[in-house]
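One-letter residues, chain by chain:
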Amino acid sequence: LDDVFEREADRADRRGTPLCAAMLDLDNFKKLNDTHGHAAGDEALIHVVRIAKQTLRSIDVIARYGGEEFLIVMPETSLDEAAKAMMRVQRQLTTHFFTANDQRLFITFSAGVALRAAHEAQESVLKRADKAMYEAKKSGKNRVITAD
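Asker: Summarise helix H3 (residues 38–55); cite the residues concerned and give the values.
Answerer: Across its 18 residues, H3 extends 26 Å between first and last C-alpha, which sits within 8% of the 26 Å expected from 1.5 Å per residue. Those residues of H3 lying buried are Ala40, Gly41, Ala44, Leu45, His47, Val48, Val49, Ile51 and Ala52.

Asker: Tell me about the nonpolar core, and name the residues and values.
Answerer: Core analysis: the biggest nonpolar cluster contains 32 residues, and Leu24, Leu26, Ile72, Met74 and Met86 have the highest contact counts within it. Elements with a minimum of two residues in this core: strand E1 (19–26), helix H2 (29–36), H3, strand E3 (69–75), helix H4 (79–95), strand E4 (98–100) and strand E6 (109–115). With seven residues, H3 is the largest single contributor of residues to this core. Once you skip the residues sitting within four places of it in the chain, Met86 turns out to touch Ala22, Leu24, Leu56, Ile72, Met74, Phe109, Ala111, Val113 and Val144. Counting residues in each nonpolar core, the second largest holds 17 residues, with Phe5, Val73, Met133 and Ile145 among its members.

Procedures and definitions
Residues numbered from 1 in each chain as written. Predicted model: local features only at pLDDT ≥ 70, side-chain atom pairs only at ≥ 80, totals over all residues. Heavy atoms only, no water. Helix = DSSP H or I, 4+ residues; strand = E, 2+ residues; numbered from the N terminus. Expected span 1.5 Å × (residues − 1). Buried < 20%, exposed > 50% of the residue type's maximum accessible area, 1.4 Å probe, protein only. Core = buried A, V, L, I, M, F, W, Y, C linked by side-chain atoms within 4.5 Å. Contact = heavy atoms within 4.5 Å.

Here it is, written out as structure tokens:
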């Protein structure tokens, strides 16, 4: 992830193109794990990544960032386009059900999206995306919020 971000940041600075990062966190993941077991939780993570990869462009990179958190690096993408891309992934999740223990489960996520400023450090971009993601969680979950 660090290598991808560094490479894309260098490219964005050279070309003067936008680079966005989205931090997404599965909603109510602890409840899913507690109710259906950790194996179901693991499968849910795989399901979300599969849907994201099918929905996003091949140049977008998704990486697990923490327990149920993922970071998506979106080269040559404006803030508005990146937010719309995250909303498309959310919509796709509603049409592709996840099944655990013969039960259809509705998986949602909250996301924060940040546009990297020229020469902005990775840590700073991720901090802003993370802050926006927590805002999405606090404002009701299953939302996409853009960072300042």
